[in-house]
Amino acid sequence: MNTFDERISSAVKNWWVSLLLGLLYILIAICLMFTPMASYVALSLLFSVAMFVSGTLEILFAVSNRKHISSWGWYLAGGIIDLILGIYLMASPGLSMTVLPFILAFWLMFRGFSSTGYAMDLKRFGTGNWGWYMAFGILAIICSIAIIWQPGLGVFTLVYMIAYALLIIGIFRVMLSFELRSLHKRATTPLQ
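Nothing here was measured: the structure is a model prediction, and the numbers come from that model. (Residues numbered from 1 in each chain as written. Predicted model: local features only at pLDDT ≥ 70, side-chain atom pairs only at ≥ 80, totals over all residues. Heavy atoms only, no water.)

Draft legend 1. Broad picture of the UniProt feature "transmembrane region" (unreviewed entry) in the protein chain. UniProt tags residues 15-35, 41-61, 73-91, 97-118, 130-149 and 155-176 as "transmembrane region" (unreviewed entry). With 95% helix and 0% strand, the stretch residues 15-35 has end C-alpha atoms that lie 31 Å from each other. As annotated, residues 73-91 comprises 100% helix and 0% strand, and the C-alpha atoms at either end are separated by 27 Å. (UniProt positions renumbered as here; feature names shortened; annotations may be inferred. Helix = DSSP H or I, 4+ residues; strand = E, 2+ residues; numbered from the N terminus.)

This is the structure in structure tokens:
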């Protein structure tokens, strides 16, 4: 029978996937902030590639941890949604810019809800900072609702809202990766 520490060690063996996702989201957010007009035009392609990569990495994480994380199905579902969204957007480069805000908003909403779920997983593992992760998830949900509520606020407002929401998700992912790495180290360090 596995001990709790062995289960944690095995469950967080791919902590670096969260770090890569976080850095990807932060990079996209910075690109959006510094070139808002060009970003809006290129957003469909940029977002589709990011969703494809994100979905692939999330599926990898879920499958490799299916025996150790009870909520691995939610990770898998998020990865599949990202992968399908990425493929759809890459196959439709002429996607209307009026539809893109809604796709992004619903994606951000799903990510916000899954982030709150991750926070609850961290709470179960005894992480003291789980409240910060919950806050980032709630902020992502609020941003997504604002985009859905007012999609016609203008190109600049929309681009900046999306950039801030991606920045929030990116920071959450980076923080999560270091928390998972800490749990991994704690579990693999022999007791003295």
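We are not done yet, so read on.
Draft legend 2. A look at the packing of helix α5 (residues 100-124) against helix α6 (residues 130-149). Put simply, α5 and α6 touch, their axes get as near as 8 Å, and they point 165° apart. When the interaxial angle is binned, α5 and α6 end up roughly antiparallel. Considering how the two elements wind past one another, α5 and α6 form a crossing that is left-handed. Across the contact of α5 with α6, the residue classes break down as 19 nonpolar, five polar and one charged. (Axes fitted to C-alpha atoms, helices over the stretch in contact; angles between N-to-C directions. Parallel < 35°, antiparallel > 145°, perpendicular 65-115°, else oblique. Left-handed = near helix turned anticlockwise from the far one by under 90°. Nonpolar A, V, L, I, M, F, W, Y, C, P; charged D, E, K, R; others polar.)

Draft legend 3. How the structure looks around helix α4 (residues 72-91). End to end, α4 covers 29 Å across 20 residues, agreeing with the expected 28 Å (1.5 Å per residue, within 8%). Among the residues making up α4, those that are buried are Tyr75, Leu76, Gly78, Gly79, Asp82, Leu85, Gly86 and Leu89. (Expected span 1.5 Å × (residues − 1). Buried < 20%, exposed > 50% of the residue type's maximum accessible area, 1.4 Å probe, protein only.)

Draft legend 4. Main features of the nonpolar core. Among the nonpolar cores identified, the biggest contains 52 residues, and Trp107 and Leu166 are the most heavily contacted of them. Elements with a contribution of two residues or more to this core: α2 (15-34), α3 (36-64), α4, α5, α6 and α7 (155-188). Top element by residues in this core is α7. It accounts for 14 residues. In contact with leucine 166, other than residues within four places in its own chain, are Tyr25, Ile28, Ala29, Leu32, Trp107 and Leu108. (Core = buried A, V, L, I, M, F, W, Y, C linked by side-chain atoms within 4.5 Å. Contact = heavy atoms within 4.5 Å.)

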